[in-house]
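Chains, contacts and geometry: an overview
Next come the chains, spelled out residue by residue.
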Amino acid sequence: MNIVLTKMMWKSGTRINQYLFAILITIPLLSFGMIQGWLSPMIASLQSPGGPSPEPYNSNDISWVTSVTYISAIILGAPMGHLTDKYGRKVMTLATTLSLIIYWQIKLLCLEPWALIMARAIAGIPCSACYIVLPIYLKEISDIDLRGALGSLLILNRNIGYLASYVGADLLAVSTMLWLGLMVPVIVFFIFLIMPETPEFLVKQGKVDEAKTVLAWLRGVSVVNRAVEQDIDNIVSVEKQTKIDAKSVWGTILHDRPTFKAFIITLVIKITQQFDGYLIVLIYAGFVFKKASDSVTIPLTPNKQVMMIGVLQLLGSILATCIVEKTGRKLLLVSTSFTVGVGMVALSAWFYMTSLGFWLPGWVPVVAMCVCIFADAAGFQPISYIIITDLFTFQLRGTVSSFTNICAKISNFIQMKWFTDICNLVGIHWTFLFFGVVSFGACIYTMVRFPETRQKTVAEIYSKLSGNDEEKDENKTEVIP
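Residues numbered from 1 in each chain as written. Predicted model: local features only at pLDDT ≥ 70, side-chain atom pairs only at ≥ 80, totals over all residues. Heavy atoms only, no water.

**Description of the environment of Gly151**
Heads up, the condition is: Helix numbering and strand numbering both begin at the N terminus, where a helix is a DSSP run of H or I of at least 4 residues and a strand a DSSP run of E of at least 2.
Tracing the backbone through its elements, the reader meets Gly151 in helix H8 (residues 147-151). The spatial distance from the C-alpha of Gly151 to the C-alpha of Ile461 is 18 Å, given a sequence separation of 310 residues.

**So, the pattern of salt bridges**
Where charged atoms from two side chains of opposite charge come close, those side chains can pair. To keep things clear, this is the line we draw: Think of a salt bridge as a Lys or Arg side-chain nitrogen and an Asp or Glu carboxyl oxygen that are within 4 Å of each other. With a 1.4 Å probe rolled over the protein chains alone, any residue whose accessible area is under 20% of its type maximum counts as buried; one over 50% counts as exposed, and the rest are partly exposed.
Applying the stated rule across the entire model yields ten salt bridges. As a salt-bridge pair, Arg89 and Asp85 come within 3.1 Å of each other at their nearest N and O atoms. Of the two residues examined, Arg89 and Asp85, each falls in the buried class. In this structure, a network of salt bridges that share partners links the residues Arg15, Asp143, Asp145, Arg219 and Asp231.

**As for the packing of helix H19 (residues 329-355) against helix H22 (residues 428-449)**
Here is the rule: The axes used here are C-alpha line fits, helices contributing only the stretch in contact, and every angle between their N-to-C directions lies in the interval 0 to 180 degrees. Orientation is classified from the angle alone, with under 35 degrees giving roughly parallel, over 145 giving roughly antiparallel, 65 to 115 giving roughly perpendicular, and any other angle giving oblique. Helix crossings are classified by the rotation of the near helix relative to the far one: an anticlockwise turn of less than a right angle makes the crossing left-handed, while a clockwise turn makes it right-handed. Three classes are used, and their members are as follows: Ala, Val, Leu, Ile, Met, Phe, Trp, Tyr, Cys and Pro are nonpolar, Asp, Glu, Lys and Arg are charged, and the others, Gly among them, are polar.
The geometry of H19 relative to H22 is characterised by a closest axis approach of 8 Å and an angle of 160 degrees between their N-to-C directions. In this view, H19 runs roughly antiparallel relative to H22, as classed from their interaxial angle. The two elements H19 and H22 meet at a crossing, and its hand is left-handed. Split by residue class, the contact of H19 with H22 holds 18 nonpolar, seven polar and one charged.

**Details of the domain arrangement of the protein**
This is how the line gets drawn: Those domain boundaries reflect an automatic or database domain assignment. Contact definition: two residues touch when any of their heavy atoms are within 4.5 Å. Note on terms: buried area is the combined drop in 1.4 Å-probe accessible area of two parts once they are placed together, counting the loss on both. What qualifies as a polar contact is a pair of N or O atoms within 3.5 Å, subject to a donor-acceptor requirement within protein and to the restriction that residues adjacent in sequence count only when both atoms come from side chains.
Taken domain by domain, the protein holds domain 1 (1-195) and domain 2 (247-466). Distance from the C-alpha centre of domain 1 to the C-alpha centre of domain 2: 21 Å. Each partner contributes to the interface: domain 1 provides 42 residues, whereas domain 2 provides 42 residues. Across the interface of domain 1 and domain 2, roughly 3600 Å² is buried in total on both sides, 64% from carbon and sulfur atoms. Here domain 1 and domain 2 share two salt bridges between them. With a shortest N-O distance of 3.0 Å, Arg397 and Glu140 are connected by a salt bridge. The interface formed by domain 1 and domain 2 includes ten residue pairs in polar contact (both at pLDDT 80 or more). For the side of domain 1 that touches domain 2, the secondary-structure elements that each account for two or more residues are helix H2 (16-47), helix H3 (59-77), helix H4 (80-87), helix H7 (124-140), H8 and helix H9 (153-171).

**Some remarks on the side chain of Lys107**
The line we're drawing: The convention is simple: Lys and Arg are positive, Asp and Glu are negative, and His and the chain ends are not counted.
Secondary-structure assignment places Lys107 in helix H5 (residues 89-109). Within the buried set, Lys107 has no salt-bridge partner at all; the shortest N-O distance to an opposite charge, 16 Å, is to Asp61. At a separation of 2.8 Å, a polar atom in the side chain of Lys107 contacts the side chain of Tyr103. Not counting residues within four places of it along the chain, the set of residues in contact with Lys107 comprises Trp38, Leu116, Ala119 and Leu178.

**Concerning the nonpolar core**
Grouped burial of nonpolar side chains is what soluble globular proteins tend to show. Stated formally: The nonpolar core is taken to be a set of buried Ala, Val, Leu, Ile, Met, Phe, Trp, Tyr and Cys residues, with the residues joined through side-chain atoms within 4.5 Å.
With 123 residues, the main nonpolar core has Phe21, Trp38 and Phe192 as its most contacted residues. The element contributing the most residues to this core is helix H20 (residues 363-391), with 14 residues. Lining this core are residues from two domains, each supplying at least three of them: domain 1 (1-195) and domain 2 (247-466). Excluding residues within four positions of it along the chain, Phe192 makes contact with Phe21, Leu24, Ile25, Lys90, Thr93, Leu94 and Tyr137.

Rendered as structure tokens:
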């Protein structure tokens, strides 16, 4: 480790370095949240003749601006897990932060349609990396009793980024907002240059002594601490066993029974979370507010309405961070997926009844929409990322994260591209009902199939998935998280 970090080597057992490091790791996702949040309140301005662009955007330009990020994220996300395992968590986080700097720099230089489309295509790098690299990095520097709370910081910081852009777009000049957006990744990039790699990856590189030093630094204890030595020995043991087995990553995932079960559980929860309708509700919040205003007065400008959505997301994320280690993953996932389902069914019923000519209070869809957004941020969304790091060893996390991320981005692209067409074909009420059914399905599946992972090692989780809660034989290598 470098001399700067050695000055922060606590000896009292405090884990303040884990908290500080976790906050730093998740700031690139805050910057990506600012990227995504900036677009929503700016679309109308970009399309107006007096907007920040030399020429107004047409509908085709806006279509490409909103969708190109997901296209590039699908393409660039495929090798992301492999690169993370090959070059390390730190190197890939620096590369992610550099892509964020390039994105903001392009927008500062030019806001013409071609430039913004190019910038949004580059944003596909953090769109994938922030959800693949950062959760792995975060998990591998967190103690077992902190990984849920620190993992929730990912969605919390992203939602802070959303809200920052919503507020900035309403209060600040465009150029000022862009400079603030650039400042965040630039500062993080230079701070990150002195930060350490994770102990797991250092062991994989054969740097056992450095791994021990980093783990002691994270826990605020001496490098000769017994618990530190035991954990490093366990990581070394797992790495040796992996080399002896010489199986491919996908060979392990597909042919090892508990690993395959964990993979299916992760995939089902990730896909159902992506199809729970939260993305559509966020994008079409203005439409819901407009429909509701026919029967109830909503004294908020469109930008203020978007800011209210941002506040709800942030509050949900704060709640998740505070309670995830107390409630456990399973209870939080069941309760929030059920709540999202109730909100979606309420939206469906309101749109269906009003389409038949019945009068219903305008506050119903507004409340239902707010409930969906809050519940998704409070559990359904953060847990879908946390469980990937809970359910897999460090040799498999990159590959599983990449695959599930590609599935997530494909589902996002499908919804962004064809939601309007499907609504015109079958009606918006059937679309929201579909989202509700998916959410209820996720709730039932979680109750039946998902094992509680709070404060459990991968070995303990796999033992339960195998239907064997007894202790494993002493001669069998222990798998650690």
